[in-house]
Amino acid sequence: MEIGLIVSAIALGFASGFHCIGMCGPIALSMGLTKKQAANFYLQNLTYQFGRIFTYSLLGALLGIIGQGFEMAGFQKYLTITAGVLLIIMAVFSFGGKDFASKIPFLSKFLYSVKLNLGKLLQKADYRSRFSTGVLNGFLPCGMVYMALTASLAGGGIWQGALYMALFGMGTLPFMFAIVLAGNLMNQAFRVKVLKAVPVIMIILGGLFILRGLELGIPYVSPKAEAMTISKDPNGAVNCH
């Protein structure tokens, strides 16, 4: 994976921290973890966090397969442009406070099932339940996760997509781990402001993806694809550069 993608994954995850606190913080706080047994407290917190990262990695791997198919077919630039357009469409549907996923019937049903099972898991206190809580938490609708998943398409493979999302999850880890330690520091008004900012960020990122796919020759933002030249070595074999 390119160093640029690695850096962007971690940076996007870290930048998503405040949003994660607002969206997933209440679930983390609902687990009822206490500091009476320090070691158990930290281990259960980490178990929950790695459950989230597992789901992100799984979703990244699935999208990585799609990215690999497009790359092999030579359509990577078109996939990048399409990803940018999709981000903008998702952002438009997200304005008004509701996530676009809640407007799609089959996704709405799936999310209802996830929330129902989350409610049951939060009543349990074993490590398996903590991990499962994190796994289900990873499926909940989140604009920042949508952005990271769209970006993971650029990885061009199953392992690259999984790694991108794992790094994104690790970027969110400090904030999510801290919110369990510190308690609910974010009031409802702050959460509303964060949610309103997400569609705007999605539109900006979508625009950057479209620019990248257009290959306009703008350094770092929209670099031109490297030209491929064909030559033959002394033995007559064809080499592509």
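The preceding data block contains the structure.
Residues numbered from 1 in each chain as written. Predicted model: local features only at pLDDT ≥ 70, side-chain atom pairs only at ≥ 80, totals over all residues. Heavy atoms only, no water.

**Student:** Could you give me a rundown of the overall build of the protein, with the residues and numbers involved?
**Tutor:** The number of helices and strands found in the protein is nine helices and two strands. In the protein, the succession of α and β elements from N to C terminus is α-α-α-α-α-α-α-α-α-β-β. The 241 residues of the protein split such that 43% are buried. Contacts in the protein between residues far apart in sequence, at least 24 positions, make up 75% of those at least 6 positions apart. Accessible surface, the protein as shown: approximately 13200 Å² in total, 70% of it carbon and sulfur. (Helix = DSSP H or I, 4+ residues; strand = E, 2+ residues; numbered from the N terminus. Buried < 20%, exposed > 50% of the residue type's maximum accessible area, 1.4 Å probe, protein only. Contact = heavy atoms within 4.5 Å. Areas by Shrake-Rupley, 256 points an atom, 1.4 Å probe, with all protein chains shown as cover.)

**Student:** Can you break down the packing of aromatic side chains residue by residue, with the values?
**Tutor:** What describes a pair of aromatic rings is the distance from one ring centre to the other and the angle between the planes of the rings. The final tally for this structure, using the stated rule, is two aromatic pairs. Relative to Phe131, the ring of Phe54 has its centre 5.9 Å away and its plane inclined at 50 degrees; by these criteria the two rings are tilted. Residue Phe54 is found in helix H3 (residues 38-72), and its partner Phe131 is found in helix H6 (residues 127-137); the two are separated by 77 residues along the sequence. Its relative accessible area of 45% is what places Phe54 among the partly exposed residues. (Phe/Tyr/Trp six-rings, centres within 6.5 Å; stacked < 30°, edge-to-face > 60°.)

**Student:** Help me get a handle on helix H7 (residues 143-152), residues and values and all.
**Tutor:** Most of H7 sits inside the fold, with ten of its ten residues counted as buried. For H7, every residue scored as buried is listed here: Gly143, Met144, Val145, Tyr146, Met147, Ala148, Leu149, Thr150, Ala151 and Ser152.

**Student:** Requested: an account of H6, with residues and values cited.
**Tutor:** For H6, the set of buried residues is Ser129, Arg130, Thr133, Gly134, Val135, Leu136 and Asn137. You can read the cap of H6 off the contacts: a side-chain oxygen lies 3.3 Å from the backbone nitrogen of Arg128, and it is on Asp126. (Polar contact = N/O pair within 3.5 Å; in protein donor to acceptor, adjacent residues only side chain to side chain.)

**Student:** Would you mind going over the environment of Ala11 in detail, with residue names and values included?
**Tutor:** With respect to the helices and strands, the residue Ala11 is situated in helix H1 (residues 3-15). Distance in space between the C-alpha atoms of Ala11 and Gly171 is 6.7 Å, their sequence separation being 160 residues.

**Student:** Account for a nonpolar patch on the surface, with residues named and values stated.
**Tutor:** A cluster of nonpolar side chains, contributed by Phe50, Phe54, Leu58, Leu62, Ile65, Phe131, Ile158, Trp159 and Met170, occupies part of the molecular surface with about 890 Å² of accessible area. Put simply, the parts of the chain that give the nonpolar patch at least two residues each are H3 and helix H8 (158-182). A total of five residues in the nonpolar patch trace back to one element, the largest contributor, which is H3. Structurally, Phe50 can be placed in helix H3. (Patch = residues over 30% accessible without salt bridge, like charges linked within 9 Å, V, L, I, M, F, W, Y side chains within 5 Å. Salt bridge = Lys/Arg side-chain N within 4 Å of Asp/Glu carboxyl O.)

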